[in-house]
Amino acid sequence: MQSSTSFSFNRARLRSMAAFGAAVCVVAFGARPAAAQGTVTHAAGTQEFGIDAGAVIGLGDQSSVQINLPAARARIGFFLSDASRWSIEPAASLGYTKVQDESGVFQYNLEAGVLYHFRAPADVYSGPRTVVAYVRPFIGLSGFHAGDASDNEFAAGAGLGVKIPWRPQVAFRFEGNLGYGFSNNAARLGAFAGLSFFTRNGIPVPGM
């Protein structure tokens with residue numbers, strides 16, 4: 001009686017395990033076509049954090065060259081909506097120098113730009129990942145403060161650049177720009193090279 005009961009119990013257990021395995025296979029193989037048919041869309045709330053090395057050449061009556069390595073500025077981009085090609089991007093660089101028995105020198109460069117991407121921005125960091133070009137008009141304020149002395153200048157300009165995918169959610173970014181300083185009445189040629197990190201990857205949407 002005990003052996004018959006044990007045999008019946010084992011047979012019922014084997015049937016349950018077989019049914020469970022079959023269900024897992026159905027779910028696994030049934031889900032694969034849906035994933036293959038899905039596309040990748042722009043993740044909601046994506047932000048772009050970045051840092052750039054830079055060089056600026058002044059073209060006024062007194063020419064100048066300024067090179068900042070490894071970083072000239074930090075920036076953060078806010079996309080206007082999930083599928084928008086527009087983003088708002090503030091950027092800043094701050095510095096402070098203090099020499100003994102001398103007043104400290106505080107330097108700043110604040111900038112606000114608007115990027116228009118010629119492709120959907122999500123193409124950079126999700127899906128097949130392709131190079132995306134953009135144009136960036138900007139305004140900026142730069143200056144210094146040292147003891148009783150201070151000076152600042154308002155500038156405006158535009159840049160043209162590309163974002164090149166490197167890894168998921170990470171891209172190289174290169175830009176050339178032309179600006180104009182209104183206090184010195186001088187044009188400036190600038191170039192940036194840096195990295196961008198996107199806070200969210202693309203998300204698969206089945207059936208789209």
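These numbers come from a predicted model, not from an experiment.

### Some words on the packing of aromatic side chains
All told, the structure shown has seven aromatic pairs when counted by the stated rule. Centre to centre, the rings of phenylalanine 154 and phenylalanine 182 are 5.6 Å apart; their planes meet at 25°, and the pair counts as stacked. Of this pair, phenylalanine 154 sits in strand β7 (residues 149–167) while phenylalanine 182 sits in the loop between β8 (170–181) and β9 (186–198), and the two are 28 residues apart along the sequence. Owing to a relative accessible area of 41%, phenylalanine 154 belongs among the partly exposed residues under this scheme. Here phenylalanine 182 falls in the partly exposed class, since its relative accessible area comes to 45%. The rings of Trp86, Tyr116 and Phe118 are connected pair by pair, giving a single aromatic cluster. When the ring centre of tyrosine 134 is taken as origin, the NZ or CZ atom of lysine 163, which lies over that ring, is 5.7 Å away. Its end group placed over the ring of tryptophan 166, arginine 167 keeps NZ or CZ at 4.8 Å from the ring centre.

### A short note on the confidence of the model for the chain
Scored by pLDDT, the chain comes out at a mean of 78, with 73% of its residues at no less than 70. Between the elements of the chain, mean pLDDT differs from a low of 37, seen in strand β1 (residues 39–41), to a high of 95, seen in β8. For residues 20–42, every residue scores under 50 in pLDDT, and the model assigns this stretch 26 contacts once sequence neighbours within four places are set aside. Of the regions scoring below 50 in pLDDT, residues 202–208 engages in 18 contacts with residues more than four places distant in sequence or in other chains.

### Details of the pairing of β7
When strand β6 (residues 132–146) meets β7, the two strands line up antiparallel, connected through 15 bridges. Residue pairing in the sheet places valine 132 in a bridge with lysine 163 of β7. In sequence, β6 turns back onto β7 through a hairpin of two residues, with glycine 147 there showing a positive phi of about 60°. As paired elements, β7 and β8 share 12 bridges and run antiparallel to each other.

### Structural notes on the pairing of strand β3 (residues 64–79)
Pairing of strand β2 (residues 47–58) with β3, which is carried by 11 bridges, proceeds in the antiparallel orientation. From the neighbouring strand, isoleucine 57 faces β3, where its bridge partner is valine 65. Where β2 hands over to β3, the hairpin turn is made up of five residues, counted between the paired strands. Both β3 and strand β4 (residues 86–97) contribute to a ladder of four bridges, which runs antiparallel. Residue pairing across strands places phenylalanine 79 opposite serine 87, the latter belonging to β4.

### Here's the deal with the pattern of salt bridges
This structure, assessed with the given rule, holds 11 salt bridges. Here arginine 173 ties to glutamate 48 by a salt bridge, and the two come within 3.1 Å at their closest N and O atoms. Separated by 125 residues along the polypeptide, arginine 173 in strand β8 and glutamate 48 in strand β2 bring together distant segments of the chain. Residue arginine 173 shares its accessibility class with glutamate 48, and that shared class is buried. One salt bridge connects aspartate 52 with arginine 73, and the closest N-O pair in it is separated by 2.9 Å. With aspartate 52 in strand β2 and arginine 73 in strand β3, this residue pair connects regions lying 21 residues apart in the sequence. Taking relative accessible area as the criterion, aspartate 52 reaches 2% and is therefore assigned buried. By relative accessible area, arginine 73 is classed as buried at 8%.

### Side note on the side chain of histidine 117
As for its position among the elements, histidine 117 is in strand β5 (residues 105–117). For histidine 117, a relative accessible area of 0% gives the class buried. Setting aside chain neighbours within four positions, we find histidine 117 in contact with Phe79, Arg85, Ser87, Val132, Ala133, Tyr134 and Lys163.

### Details of the side chain of arginine 75
Looking at the secondary structure, you find arginine 75 in strand β3. Among the residues examined, arginine 75 registers a relative accessible area of 4% and is labelled buried. Within the structure, arginine 75 has its side chain in polar contact with the side chain of aspartate 52 (distance 2.7 Å). Here the side chain of arginine 75 touches serine 196 through a polar contact of 3.0 Å, side chain to side chain. Setting aside residues up to four positions removed in sequence, arginine 75 forms contacts with Glu48, Phe49, Gly50, Ile51, Asp52, Glu89, Pro90, Ala91, Arg173, Leu195 and Ser196.

Cut-offs applied
Residues numbered from 1 in each chain as written. Predicted model: local features only at pLDDT ≥ 70, side-chain atom pairs only at ≥ 80, totals over all residues. Heavy atoms only, no water. Phe/Tyr/Trp six-rings, centres within 6.5 Å; stacked < 30°, edge-to-face > 60°. Helix = DSSP H or I, 4+ residues; strand = E, 2+ residues; numbered from the N terminus. Buried < 20%, exposed > 50% of the residue type's maximum accessible area, 1.4 Å probe, protein only. Lys NZ or Arg CZ within 6 Å of the ring centre and 35° of its normal. pLDDT = per-residue confidence, 0-100. Contact = heavy atoms within 4.5 Å. Pairing = 2+ DSSP bridges. Salt bridge = Lys/Arg side-chain N within 4 Å of Asp/Glu carboxyl O. Polar contact = N/O pair within 3.5 Å; in protein donor to acceptor, adjacent residues only side chain to side chain.

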